[in-house]
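# Per-entry structural report
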Amino acid sequence: MTRPPEREFLNTSQADWLTLEEELGGDRDGIHNFEIHHTARYREASVCRPVLDEEMLRRDPSVAERIRWPEGRRFAAFLSHDVDGTREHCREQLARLIRTNADAATTVRDKLRALSAVIGLRHRRGRRDLLSPWLEAEKERGFTSTFFVFPTAVSARHPRDLMYHWDDLMPFEGGLQPIRAVFAQVAARGWEVGLHGSIESAHTTGLLEAQRLDVEQAVGAPVTSGRQHNLQFGAAVTPDLLAASGLRVDCTLGSNRSVFFRTGTSYPHRLWSVGGQAWLNVLEIPLILHDGALLRGDNMDLSPESALAFCRGVIARVAAVRGVVSLLWHPENLVKPGYYDLYCSLLDVLREEGAWGTSARNIADWWESSGNAALVDDARRRHFAAGRMA
Ligand SMILES: [Zn+2]
């Protein structure tokens, strides 16, 4: 590479520092800009690494060596899907959304805007099965996953809540079936059905347990894992609300917009009660890789090729500490180019790298019964014996 003349007075390290990484080529976003997500500095940054796990590995390599996964696997992948949509152009859901938005509107202008969505009711309801391909991709590779579904019995509805009901029909395996029947079958096949809690349930007392029981009753299987819709999470209140709801696993702590290890670790860990100043019996499996964060135009906006390379790096770091890498892919994104193919490529990477790809429930059960939880908690106490780690 030829250095521009105005940089010739700089010594080598300064010149290197001032060299734009993008001069070397690399990916661009949807409007051809070079952004932070395209830089090596971001990919290598502490937010993109399980820094606590890496530090523990540095201080005591025997901890990672003693972590065990089933069948001698190297690490685990928590595979998950937030069911934010069940059918393309579902008229029933759109009609409920229009009604909710119109009721919530406080000005004539907002009410008219809400009602203008009525034009969408002219679309033909979709017949494409948005669910089966994900199940098949996982089954082919010997994996399972968790589907987080939204309850129907929701008080204090928020306009960003989801509007599907148990008796709405969705395309599944060649026909149309009520949503409750589809997810009852998914649960019966060994996949996990968890709760996708409503917006207000993350902040308001007394909503989450009713929602958990609603899903449990609809699908006829115990519901013990949850992820809050839109990743709503108030650190001062949500952990206590989760504990009181009967959920024992939460999978919310991640990002809608980017990739980062929000708690600095890939290992499952218990949630902290700010009010009670104590650890709760709710295990957090942090969210790491999220389809919308990686690919959406208003987020990282990576090309599928660039996203695959980025995710490979993250997976390698989690494999090195023998932790859990979480993937969230939304079933309704099947219709968006590149989303499903990237998921399948990542499943292949996970299989090649020796991951155990499974549900939140299976990971939580294994983490606690295998001794991994006690091992890592003890190591955290020994190596990070300050503040509440003590
Ligand atoms: Zn959601």
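Reading the values: rules and limits
Residues numbered from 1 in each chain as written. Predicted model: local features only at pLDDT ≥ 70, side-chain atom pairs only at ≥ 80, totals over all residues. Heavy atoms only, no water. Donors = N, O, S within 2.8 Å, 3.2 Å for Na, K, Ca; no water. Tetrahedral: all angles 85-135°; square planar, octahedral: opposite > 155°, others 65-115°. Helix = DSSP H or I, 4+ residues; strand = E, 2+ residues; numbered from the N terminus. Buried < 20%, exposed > 50% of the residue type's maximum accessible area, 1.4 Å probe, protein only. Core = buried A, V, L, I, M, F, W, Y, C linked by side-chain atoms within 4.5 Å. Contact = heavy atoms within 4.5 Å. Domains from an automatic or database assignment. Buried area = accessible area lost by both parts, 1.4 Å probe. Salt bridge = Lys/Arg side-chain N within 4 Å of Asp/Glu carboxyl O.

Of the protein atoms, only D84 (OD), D84 (OD), H196 (NE2) and H229 (ND1) coordinate the zinc ion, at distances of 2.1 to 2.7 Å. Classification of the site at the zinc ion as irregular follows from its four donor atoms and the range of 52 to 136 degrees in their angles at the metal. Motif for the zinc ion, donor spacing along one chain: D-x111-H-x32-H. One end of the pair, D84, is in the loop between strand 1 (75–82) and helix 5 (91–104); the other, H229, is in the loop between strand 6 (225–226) and helix 10 (238–245), with 145 residues separating them in the sequence. Of the residues examined, D84 reaches a relative accessible area of 22% and is grouped as partly exposed.

If you look at the biggest cluster of nonpolar residues, it comprises 94 residues, and the most contacted ones within it are F183, L294, V325 and L350. If we ignore the near neighbours within four places in the chain, the residues touching L294 are V259, M300, D301, L302, A307, F310, C311 and W329.

This next bit is on the domain arrangement of the chain. Here the domain parsing of the chain yields domain 1 (49–89 + 129–389) and domain 2 (91–124). One C-alpha centre belongs to domain 1, the other to domain 2, and the line joining them spans 31 Å. If you look at the interface, domain 1 gives seven residues, while domain 2 gives 10 residues. Each partner contributes to the roughly 860 Å² buried at the junction of domain 1 and domain 2, and carbon and sulfur atoms together form 53% of this total. Together, H89, P159 and M163 form the three largest contributors to the area buried by domain 1 at its contact with domain 2, with a combined 65%. Along the contact surface separating domain 1 from domain 2 lie one salt bridge.

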